[in-house]
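Coordinate inspection notes
Okay, here's what each chain looks like letter by letter:
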Amino acid sequence: MTQRVTVLSVSGTSARVIHHRQTACHGDCDHCEGGCGSMAAKESLVVEAENLIGAKPGDQVVIEGETGKVASAILLVYVLPLILFFFGYFLGDRFGHGILCSIIGFVFGLLCAILESRRQRKRGTEISFRIVSFVSGAS
């Protein structure tokens, strides 16, 4: 999985990079019917990346994450709580407590995701990124 990012700082062979996530309207409020104005969400994600190509602060680069770990994280954070939500609903519906059991299932799924994230951080097995190239025409 690759993303275009901007290098913020460099320290040895690692770099802090920032990725600006696009919102649903892609930050182009003129094309929205209602106009999002100041309500436009501007999310940024800062991560550490291995810098073996010698990128400098301000450079536009492409980073690559470990695809298998990214896919596992997506499943854990988004899919597991959703599956447990529906499982809880259908199981609880048999006993007249479908909504309560669905909420419990969803919360349990989120707790599993949080605990797994902490476990990976302690073990040092979280998702790692590396800078693979400069963005064409940006350097």
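This text gives an overview of the structure that appears in the document. (Residues numbered from 1 in each chain as written. Predicted model: local features only at pLDDT ≥ 70, side-chain atom pairs only at ≥ 80, totals over all residues. Heavy atoms only, no water.)

1. Quick word on helix H1 (residues 67–93)
Since one α-helical turn is 3.6 residues long, residues separated by three or four positions face the same way. The following threshold applies: Only DSSP runs of H or I covering at least 4 residues are called helices, and only runs of E covering at least 2 are called strands; the numbering of each starts at the N terminus. Helices are assigned an expected span. That span is 1.5 Å times one less than the residue count. Two axes enter the definition of the bend at a residue: one is fitted to the seven residues ending there, the other to the seven starting there, and the bend is the angle between them. Here's how the labels work: a residue is buried when its accessible area is under 20% of the maximum for its type, exposed when over 50%, partly exposed in between, all with a 1.4 Å probe on protein chains only. Contact definition: two residues touch when any of their heavy atoms are within 4.5 Å.
Here H1 is 27 residues long and its end C-alpha atoms lie 37 Å apart, about the 39 Å a rise of 1.5 Å per residue gives. Remark: the principal bend of H1, roughly 35°, maps to Val79, with a proline, Pro81, within the next four residues. Every buried residue belonging to H1 is among Val70, Pro81, Leu84, Gly88 and Gly92, and all of these are buried. Next to the buried residues of H1 lie helix H2 (98–123).

2. Concerning the packing of aromatic side chains
Each aromatic ring pair is specified by the distance between its two centres and by the angle formed by the two planes. Basically, it comes down to this: For Phe, Tyr and Trp, where Trp contributes only its six-membered ring, two rings pair if their centres lie within 6.5 Å, and the inter-plane angle classes them as stacked under 30 degrees, edge-to-face over 60, or tilted in between.
Following the criterion strictly, the structure yields 3 aromatic pairs and no others. With 5.2 Å between their ring centres and 80° between their planes, Phe85 and Phe86 make a pair best called edge-to-face. Residue classification places Phe85 among the partly exposed positions, given a relative accessible area of 29%. Judged by its relative accessible area of 41%, Phe86 is partly exposed. When the centroid spacing of 6.4 Å and the interplanar angle of 90° are considered together, the rings of Phe85 and Phe106 count as edge-to-face. On the criterion of sequence distance, the pair formed by Phe85 in helix H1 and Phe106 in helix H2 is long-range, its members being 21 residues apart.

3. So, the pattern of salt bridges
Our working rule: When a carboxyl oxygen of Asp or Glu is within 4 Å of a side-chain nitrogen of Lys or Arg, the pair counts as a salt bridge.
According to the stated counting rule, one finds 3 salt bridges in the structure shown. Notably, a salt bridge pairs Glu64 with Arg130, separated by 2.5 Å at the nearest N-O pair. Residue Glu64 is located in strand E4 (residues 60–65), and its partner Arg130 is located in strand E5 (residues 129–134); the two are separated by 66 residues in the primary sequence. We note a salt bridge from Arg119 to Glu116, for which the minimum N-O separation is 2.5 Å. One end of the pair, Arg119, and the other, Glu116, are both in helix H2, 3 residues apart, so they sit about a helical turn from each other.

4. So, the layout of surface pockets
Here is the rule we go by: With a 1 Å grid spanning the protein atoms alone, the term cavity applies to any set of points in which a 1.4 Å probe fits but cannot get out, the term pocket to an open set with protein on both sides within 12 Å along at least five of seven lines, and the term lining residue to any residue with an atom within 4 Å of a point. Grid points are joined across faces, edges and corners, and a volume is the space filled by probe spheres set on the points. Classification convention: Asp, Glu, Lys, Arg as charged; Ala, Val, Leu, Ile, Met, Phe, Trp, Tyr, Cys, Pro as nonpolar; all other residues, Gly among them, as polar.
Approximately 1000 Å³ is the volume found for the largest pocket. If you list the elements that add at least two residues to the lining of the largest pocket, you get strand E1 (2–11), strand E2 (14–21), strand E3 (43–50), E4, H1 and H2. Looking at side-chain class alone, the lining of the largest pocket contains 18 nonpolar, 8 polar and 7 charged residues.

5. Some details on H2
With 26 residues, H2 extends 37 Å from end C-alpha to end C-alpha; this agrees with the ideal 38 Å at 1.5 Å per step. Those residues of H2 lying buried are Gly98, Ser102, Gly105, Gly109 and Ala113. The first or second residue beyond H2 is Gly124, which carries a positive phi of 75°.

6. Focus: the nonpolar core
Defined as follows: In this description, a nonpolar core means a group of buried Ala, Val, Leu, Ile, Met, Phe, Trp, Tyr and Cys residues linked to one another through side-chain atoms lying within 4.5 Å.
By size, the foremost hydrophobic cluster in this structure holds 10 residues: Val5, Val7, Ala15, Val17, Val47, Ala49, Ala55, Val61, Ile63 and Ile131. Looking at this core, the elements that each hand over two or more residues are E1, E2, E3 and E4.

Geometric values such as these leave the question of function open.
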